[in-house]
Amino acid sequence: MTILAIESSCDETSMSIIKDGTTDLGTVILSQIDIHKLYGGVVPEIASRSHVESITIVLEEVLNKANMKIEDIDAIAVTYGPGLIGSLLVGLLAAKTLSYIYNKPLIPVHHIAGHIYANNLVKRLEFPLIALVVSGGHTELVYMESDYSFKKIGGTLDDAVGECYDKVARVLDIPYPGGPSIDKMAKLGKDTYKLPLPLNDSSYDFSFSGIKSAVINLNHNELQKGNTIRKEDLACSFQNKVVEILTKKTMKALKEYNVKNLIVAGGVAANSGIRSSLEQECNKNNINLTVPPILYCTDNAAMIGAAGYYAYQKGIVSDINLNAKANCELGENI
Amino acid sequence: MKYLFIDTCSNSLIISTIINNKIDYFFIDKNNNDTSSKVMKVIEEAVPDIMGIDKIFVVNGPGSFTGIRVGVTIAKTIGFCLNIPIIELSELELLATTNTDTKYNVALIDARRGYVYAGIYDKDLNCYLEDQHILLNDIKYPIDYTIINSYDNIDLLKIIKKHEFDEPINPHNLNPNYLKRTEAEEKLDDKRN
């Protein structure tokens, strides 16, 4: 089964053609990051405007890349949420129009389900598994017993981890997006600044607003005292705490659910600190760890095409009235 | 010749088909606030077989930013996939098709904070004041005009006839005509100046 997938939930216009949920026949990702850099973050209205300008260009490119016609496609999968509503709508309307023109099934895919299934493009998922989804908009721990069954066991109560990285980067005067830069700086620094371990409790939830405020206050106080901040050291101290809590709660979930498979997904899965910490712990505890390549970590339509295949196997299809949702829970009825 | 007309720019969702200069199907929902979920259903009803369409007329603004994108995305996608010519139309000119006793029609759409989108057209839809985003108080009115801000008596055939043989636009180049930059862009410019 061949699926044409569309993803436009934030600032990437992406389309992909995926065979049987595992094989990427062609993916196009048009990132708007250079536009949003000027503003220090994603501007929703500018993102929506860019999506509509490029939507058919991306469609033409992906068909060329896969050397296919839309007639050869069996179904259309699309991210219906969560995300920026104006951005989601462009991809959604394109998907609905294609479904209407060619009379193909329309498969609604939850963005987080997509991130999880990005791993399926590398290696077939093995169940049961725990998925740690970490990105600019999401921080979630999900338990999966089988294909396309999701049980969210924890999530952030406030900022997403990637969002927190971007905000800390702003304090340190690092241009947007800050995550990758902090990761690099952290490697050069030492863990010398005392920061709290965020939401260190027995739940699977996360909270990153506290550590963000702690960094802001620390920076402010040091500047007041006339001290200069050692940026590399602060980056290292911050990253260590974030990595520690993510690792701690993820390993706890694996143990309590008696699960031997861990997958990490989302843009922050590219973070070297998180990767190496989880690798170490997984080795120690005999856990199979899968992390997708960078290309599939950040937002892309390939992951939507992979997830869409398993959604379709479960009978998840939508009629032409499908609407976008800015907020929606994984596994809820659409 | 069979044409599909799409206007999703305002709360009045309008979908129509025109066959040989006669309206064959006309849908208007004046209090629509759910265009994105409804619109395809209406198009499906209006045009069960999209292959029979010779031309698409799409209103690409001004109006609700999100609304404009809905219609433009649909038109672009159909136009690209099936190679159907697309003609873009102005929402203000559409309003100005309303039949009145005056020489000019002043089409106005609320743009908030004292601003409007305005365009002034004569009876033959010749433009007197080009479509623009302007303070309501700054509009210079011609002599003998009527203000039009409702879709109650628009004349769809009039605007189609006027633009029927316009040069079609490449679907990749069809874009919304917002007439207004985003606030973020305006602020960035202010900062730079």
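Residues numbered from 1 in each chain as written. Chains lettered and ligands numbered in written order. Predicted model: local features only at pLDDT ≥ 70, side-chain atom pairs only at ≥ 80, totals over all residues.

Caption draft 1: Representation of the overall build of chain A in the model. Broken down by element type, chain A carries 11 helices and 10 strands. Taking 334 residues into account, the globule formula puts the C-alpha radius of gyration at 20 Å, and chain A, at 20 Å, falls close to it. Seen along its three principal axes, the alpha-carbon backbone of chain A occupies a region of about 65 × 45 × 30 Å. Considering chain A as a whole, with its 334 residues, one finds that 54% of them fall into the buried category. A sequence separation of at least 24 residues applies to 74% of the contacts in chain A between residues at least 6 apart. (Helix = DSSP H or I, 4+ residues; strand = E, 2+ residues; numbered from the N terminus. Rg over C-alpha atoms; globule rule 2.2 N^0.38 Å. Buried ≥ 20, exposed ≤ 12 C-beta atoms within 10 Å, placed from the backbone. Contact = placed C-beta atoms within 7 Å.)

Caption draft 2: Structural view of the domain arrangement of chain A. Residues and elements named next belong to chain A. We note that the domain assignment places domain 1 (2–117 + 296–313) and domain 2 (124–291) within chain A. Placing a centre on the C-alpha atoms of domain 1 and another on those of domain 2 gives a separation of 27 Å. With 14 residues of domain 1 at the interface, the matching set in domain 2 holds 22 residues. Elements represented by at least two residues in the side of domain 1 that touches domain 2 include exactly helix 1 (33–37), helix 4 (111–117) and helix 11 (302–313). In terms of residue count, the dominant contributor to the side of domain 1 that touches domain 2 is helix 4 (four residues). Residues that form the side of domain 1 that touches domain 2 fall into these classes: eight nonpolar, five polar and one charged. (Domains from an automatic or database assignment. Nonpolar A, V, L, I, M, F, W, Y, C, P; charged D, E, K, R; others polar.)

Caption draft 3: Inspection of the packing of helix 5 (residues 161–171) of chain A against helix 7 (residues 209–224) of chain A at higher detail. Residue and element names in this part refer to chain A. The N-to-C vectors of helix 5 and helix 7 enclose an angle of 5 degrees; their axes lie 10 Å apart at closest approach. Considering their axes alone, helix 5 and helix 7 lie roughly parallel with respect to each other. Residue-level contacts link Cys164, Lys167, Val168 and Val171 of helix 5 to Ile211, Lys212, Val215, Ile216 and Asn219 of helix 7. Here the residues of the contact of helix 5 with helix 7 sort into six nonpolar, one polar and two charged. (Axes fitted to C-alpha atoms, helices over the stretch in contact; angles between N-to-C directions. Parallel < 35°, antiparallel > 145°, perpendicular 65-115°, else oblique.)

Caption draft 4: Summary view of the nonpolar core. All names here are of chain A. Among the nonpolar cores identified, the biggest contains 159 residues, and Ala5, Ala131 and Leu262 are the most heavily contacted of them. A total of 10 residues in this core trace back to one element, the largest contributor, which is helix 8 (residues 231–256). Residues lining this core come from more than one domain, with at least three contributed by each of domain 1 (2–117 + 296–313) and domain 2 (124–291). Residues contacting Ala131, with those up to four places away along its chain left out, are Ile116, Val142, Met144, Ile263 and Ala265. (Core = buried A, V, L, I, M, F, W, Y, C linked by C-beta atoms within 7 Å.)

Caption draft 5: Quick look at the interface of chain B and chain A. The interface of chain B with chain A comprises 26 residues on the first partner and 29 residues on the second. Of all the elements, helix 2 (residues 65–82) of chain B adds the most residues to the side of chain B that touches chain A, at 13 residues. Of the residues that constitute the side of chain B that touches chain A, the class distribution is 14 nonpolar, eight polar and four charged.

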